[in-house]
Amino acid sequence: MIHTEANQRTMKLSRAEYKAIVRWTEHLRPTRQCMKMLKEQFPNHSQSTLLSIFSLEYQKRTKRTISRHHAPEVIESHYQRYLSEAKAHPTAPVLLQLANEVDLSPALMARLILDRFLQDLEGGMPSKTLLNSMLKEPSLIPDLLLANNIYQCTINDCCYGPLVDCIKHAIGQEHEVLLCDKLKERNLSFLDENQLRAKGYDKTPDIILEVPVAVEGHIVHWIESKASFGDDHSHRTYLNEQFWSYWNRWHSSCHLRFGPGLVIYWYGFIGELDCQRDRGILLKDCFPTDIVTLCHASQQERAPRAPE
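Source: prediction; values computed, not measured.

J.: What's the story with the overall build of the chain in this structure? I'm lost.
T.: Check the secondary structure of the chain and you find 12 helices and eight strands. Considering the chain as a whole, with its 308 residues, one finds that 50% of them fall into the buried category. Accessible surface, the chain: about 15,500 Å² in total, of which carbon and sulfur atoms supply 52%.

Here it is as structure tokens:
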């Protein structure tokens, strides 16, 4: 499934390296076996980096094709085929095989089939609460054969599903703790996201430094932790929805904007994306080792102009 590989150094990729990986993932399915193949093809990159890249690409692929799987006649066809093949081969991973054959995430296929099953059982559309609870805990499904198939889909999907959501959330928290530990090791004073929320901030970075620092000659007031790979689409989205707004956010305690900051993509990023340093957004793939503590006065003198 998903590995943190805390001791393995992740890396920036050139756009050419990134595209080579993406091309190789185009026909892969989101299963553990496919991830093993991907690691064998690109042994110099960490499994976490490769999985993050694949997951981002597979989600784009799914968004382009998901509508056709949601057509009522297609759902009915998948459901009837599942019933027929599960009856003929009760010990086979029928639903997982069907998902891979039609190029749909196993967890998403499980959701469609369970929803269709519950429509018959409930005599109408099931509630999302009931659906989600059974996906998280297949033993709640009254049909043992279906429960087994749903379970197989859930544990074999590396991109979607309640298990993946839980693991991603845990990994995100793990890296935020790692960031805080690194800051404490350097005796840097900071406020984390929970402390900022308690002070009334509604949209904040993971870390606000109470005293600014310089990293590679660039001033840093805040740090955002991303336990993922930074590709073009995700980075552009983060810039527009988060990073630029952090730059302009007013910091009442020191009467300054949050200002320029640092984004750590722990699983690497496309090197060419680190092109906003002069505008106040610095990218790294690990905790910086050359931190220099600054005073507030230097911040006011050297802070770059806010983006238009």
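J.: Help me understand the side chain of D285 in this model?
T.: Relative to the assigned elements, D285 resides in the loop between β7 (281-284) and β8 (291-293). Reaching out from D285, the side chain makes a polar contact with the backbone nitrogen of M11 at a distance of 3.4 Å. Looking at D285, its side chain comes within polar contact range of the main-chain nitrogen of K12, at 3.3 Å.

J.: Could you clarify how one ought to interpret the pairing of strand β2 (residues 207-215) in this entry?
T.: Looking along a regular strand, one sees side chains alternate from face to face of the sheet. With seven of nine residues buried, β2 lies mostly within the body of the structure. With three bridges connecting them, strand β1 (residues 190-192) and β2 associate as antiparallel partners. Its bridge partner being in β2, L191 is matched across the sheet by I208. Here β2 runs beside strand β3 (residues 218-226); their pairing, made up of five bridges, is antiparallel. Counterpart to V215 in the pairing with β3 is H218. Here β2 folds back onto β3, and the loop between the two strands holds two residues, one of which, E216, carries a positive phi near 55°.

J.: Is there a simple way to explain helix α9 (residues 162-185) in this structure?
T.: Because each turn of an α-helix spans 3.6 residues, side chains separated by three or four positions in sequence point in the same direction. With 24 residues, α9 extends 35 Å between its outermost C-alpha atoms, agreeing within 8% with the 34 Å of an ideal straight helix rising 1.5 Å per residue. Those residues of α9 that sit buried are V164, I167, I171, G172, H175, L179, C180 and L183. Looking at the buried side of α9, the elements it contacts are β1, β2, β3 and β6 (261-265). N187, located one to two residues past α9, shows a positive phi value of around 55°.

J.: What is the right way to read the packing of helix α6 (residues 106-122) against helix α7 (residues 128-136) from this model?
T.: The angle between the axes and the distance between the axes are what describe a pair of packed helices. Put simply, α6 and α7 touch, their axes get as near as 10 Å, and they point 125° apart. Taken together, the axes of α6 and α7 are oblique relative to one another. In terms of crossing hand, the pair formed by α6 and α7 is right-handed. Taking contact as the criterion, the partners of A110, R111, L114, D115, L118 and E122 in α6 are, on α7, L130, L131, N132, M134 and L135.

J.: Explain unusual backbone geometry to me, please; I cannot follow it from the model alone.
T.: Both trends apply: most residues other than glycine have a negative phi, and most peptide bonds are in trans. In this model, D103 sits at a positive phi of 60°, which is unusual for a non-glycine residue. Looking at where D103 falls in the secondary structure, it is placed in the loop between α5 (94-101) and α6. Even without being a glycine, E216 presents a positive backbone phi close to 55°. Tracing the sequence through the fold places E216 in the loop between β2 and β3. Assessed through its relative accessible area of 34%, E216 is described here as partly exposed.

J.: Looking at this structure, I do not really get helix α8 (residues 144-156). What am I missing?
T.: With 13 residues, α8 should cover 18 Å at 1.5 Å per step; its first-to-last C-alpha distance of 18 Å lies within 8% of that length. On its buried face, α8 sits against α2 (32-41), α4 (72-88), α5, α6, α7 and α9. Capping of α8 at its N-terminal end is provided by D143; its side-chain oxygen lies 3.0 Å from the backbone amide nitrogen of L145.

J.: When you look at the packing of aromatic side chains in this model, what are you seeing that I'm missing?
T.: Two aromatic rings are characterised by how far apart their centres lie and by the angle between their planes. Taken as a whole and judged by the stated rule, the model has 10 aromatic pairs. Residues Y58 and Y160 carry aromatic rings whose centres are separated by 6.4 Å and whose planes lie at 65° to one another, so their mutual orientation is edge-to-face. Of this pair, Y58 sits in helix α3 (residues 47-69) while Y160 sits in the loop between α8 and α9, and the two are 102 residues apart along the sequence. Each member of the pair, Y58 as well as Y160, carries the same accessibility label: buried. Here the basic side chain of K226 rests over the ring of Y238, its NZ or CZ set 3.9 Å away from the ring centre.

J.: Hey, could you run me through the pattern of salt bridges in this one?
T.: When charged atoms on two side chains of opposite charge get close, those side chains can pair. Tallied over the full model, the rule gives 14 salt bridges. The closest approach of N and O atoms between D120 and R116, which form a salt bridge, is 3.0 Å. Placement of the pair is D120 and R116 together in helix α6, with a separation of four residues, close to one helical turn. Its relative accessible area of 12% is what places R116 among the buried residues. Several salt bridges share partner residues, and in doing so they unite E216, D274, R277 and K284 into one network.

J.: Looking at this structure, I do not really get the pairing of β7. What am I missing?
T.: Across the two faces of β7 the burial is the same, with I281 and L283 and L282 and K284 all buried. Sheet topology places β6 next to β7; four bridges connect them, and they run parallel. Pairing of G261 across the sheet is with I281, part of β7.

Cut-offs and rules
Residues numbered from 1 in each chain as written. Predicted model: local features only at pLDDT ≥ 70, side-chain atom pairs only at ≥ 80, totals over all residues. Heavy atoms only, no water. Helix = DSSP H or I, 4+ residues; strand = E, 2+ residues; numbered from the N terminus. Buried < 20%, exposed > 50% of the residue type's maximum accessible area, 1.4 Å probe, protein only. Areas by Shrake-Rupley, 256 points an atom, 1.4 Å probe, with all protein chains shown as cover. Polar contact = N/O pair within 3.5 Å; in protein donor to acceptor, adjacent residues only side chain to side chain. Pairing = 2+ DSSP bridges. Expected span 1.5 Å × (residues − 1). Contact = heavy atoms within 4.5 Å. Axes fitted to C-alpha atoms, helices over the stretch in contact; angles between N-to-C directions. Parallel < 35°, antiparallel > 145°, perpendicular 65-115°, else oblique. Left-handed = near helix turned anticlockwise from the far one by under 90°. Phe/Tyr/Trp six-rings, centres within 6.5 Å; stacked < 30°, edge-to-face > 60°. Lys NZ or Arg CZ within 6 Å of the ring centre and 35° of its normal. Salt bridge = Lys/Arg side-chain N within 4 Å of Asp/Glu carboxyl O.

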